Amino acid sequence: MLKPQAKVPNLTVKTVGGPDWALSEQSPEHFTFVFFYRGYHCPICRKYLGSIDRKLDELASLGINAVAISSDSKERATRSKEEWRIQNLPIGYDLSIVEARTWGLYVSKAIKPDEPEIFSEPGLFIVRPDNELYAASIQSMPFTRPSIDELIAGFRYIVDNDYPGRGEA
């Protein structure tokens, strides 16, 4: 299990319509939000990533970068970006199941025909510029994610009060 105040695993993914994205190359003022999502088949992911995409400027004003990543293929990730009208949020793809498990993500088998045979469940990792984990929220199903508005409100407090990461003991 990854713990706050410890280094996170290396992470590099291909992105839809852009260059490879590497966590080690991020240099936000405060944090990088890594949103792992289930994939194209997930209507809740569609809504969630759309809400993040609309708040990207607000995150940037707080010194926060963001990326969304799934184990989807390039084709499925491209469909997500286009059909979900994701304008600004980088969409990473081809996360291996081994990498997903390294991050502590839950992994599910398909139960519907439009789902991939195996895929990772959602997770949010908040990482400092030095690749130290600040906080994490890992879900075993699509219904329990923190809203982007709650995250922004929390991070306004964190930034304003230099609040430390918790859960390290």
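Described in the following lines is the structure provided in the data block. (Residues numbered from 1 in each chain as written. Predicted model: local features only at pLDDT ≥ 70, side-chain atom pairs only at ≥ 80, totals over all residues. Heavy atoms only, no water.)

Looking at the secondary structure, you find Ser70 in the loop between strand E4 (64-69) and helix H3 (74-83). The class of Ser70 is buried, set by a relative accessible area of 0%. Apart from residues no more than four positions distant in its own chain, Ser70 is found in contact with Tyr37, Arg38, Gly39, Gly92, Tyr93, Asp94 and Leu95. (Helix = DSSP H or I, 4+ residues; strand = E, 2+ residues; numbered from the N terminus. Buried < 20%, exposed > 50% of the residue type's maximum accessible area, 1.4 Å probe, protein only. Contact = heavy atoms within 4.5 Å.)

Right, let's talk about the nonpolar core for a bit. Membership of the largest hydrophobic core comes to 31 residues, with the highest contact counts inside it found for Phe33, Phe35, Leu49, Leu59, Leu89 and Ile91. Beyond its immediate sequence surroundings of up to four residues, Leu89 is in contact with Leu49, Ile52, Asp53, Leu56, Ala66, Val67, Ala68 and Lys81. (Core = buried A, V, L, I, M, F, W, Y, C linked by side-chain atoms within 4.5 Å.)

Before going further, it helps to examine the side chain of Ser51. Among the secondary structure elements, Ser51 is positioned in helix H1 (residues 43-54). Looking at Ser51, its side chain comes within polar contact range of the main-chain oxygen of Tyr48, at 2.6 Å. (Polar contact = N/O pair within 3.5 Å; in protein donor to acceptor, adjacent residues only side chain to side chain.)

Before going further, it helps to spend a moment on unusual backbone geometry. Phi is positive for Gln5, close to 75°, though the residue is something other than glycine. Along the chain, the position of Gln5 falls in the segment before strand E1 (12-15). Judged by relative accessible area, which is 41%, Gln5 ranks as partly exposed. One non-glycine residue, Asp94, lies in the positive phi region at around 65°. Within the secondary structure, Asp94 is located in the loop between strand E5 (91-93) and helix H4 (97-102).

Pairing in this open sheet of seven strands is mixed, and the strands run E2-E1-E5-E4-E3-E8-E9 from one edge to the other. Only two strands of the sheet have a single partner each, and these edge strands are strand E2 (18-22) and strand E9 (133-138). Strand after strand, the sheet turns through a mean of 25° between neighbouring axes, direction not considered. Sheet analysis places strand E3 (residues 31-36) next to strand E8 (residues 123-127), joined by five bridges and oriented antiparallel. Note on E8: the bridge partner recorded for Phe33 is Ile126. On the sheet, helix H5 (residues 148-161) packs against E3, E4, E8 and E9 and is oriented at approximately 160° with respect to E3. (Pairing = 2+ DSSP bridges. Axes fitted to C-alpha atoms, helices over the stretch in contact; angles between N-to-C directions.)

One pass over the full model with this rule turns up twelve aromatic pairs. Measuring from ring centre to ring centre gives 5.5 Å for Phe36 and Trp103, while their planes differ by 55°; the resulting arrangement is tilted. Residue Phe36 is located in strand E3, and its partner Trp103 is located in the loop between H4 and strand E6 (107-109); the two are separated by 67 residues in the primary sequence. Comparing Phe36 with Trp103 shows no difference in burial state: the two are buried. These aromatic residues form a ring-pair network of at least three members: Phe31, Phe33, Phe35, Tyr48, Tyr134 and Phe155. (Phe/Tyr/Trp six-rings, centres within 6.5 Å; stacked < 30°, edge-to-face > 60°.)

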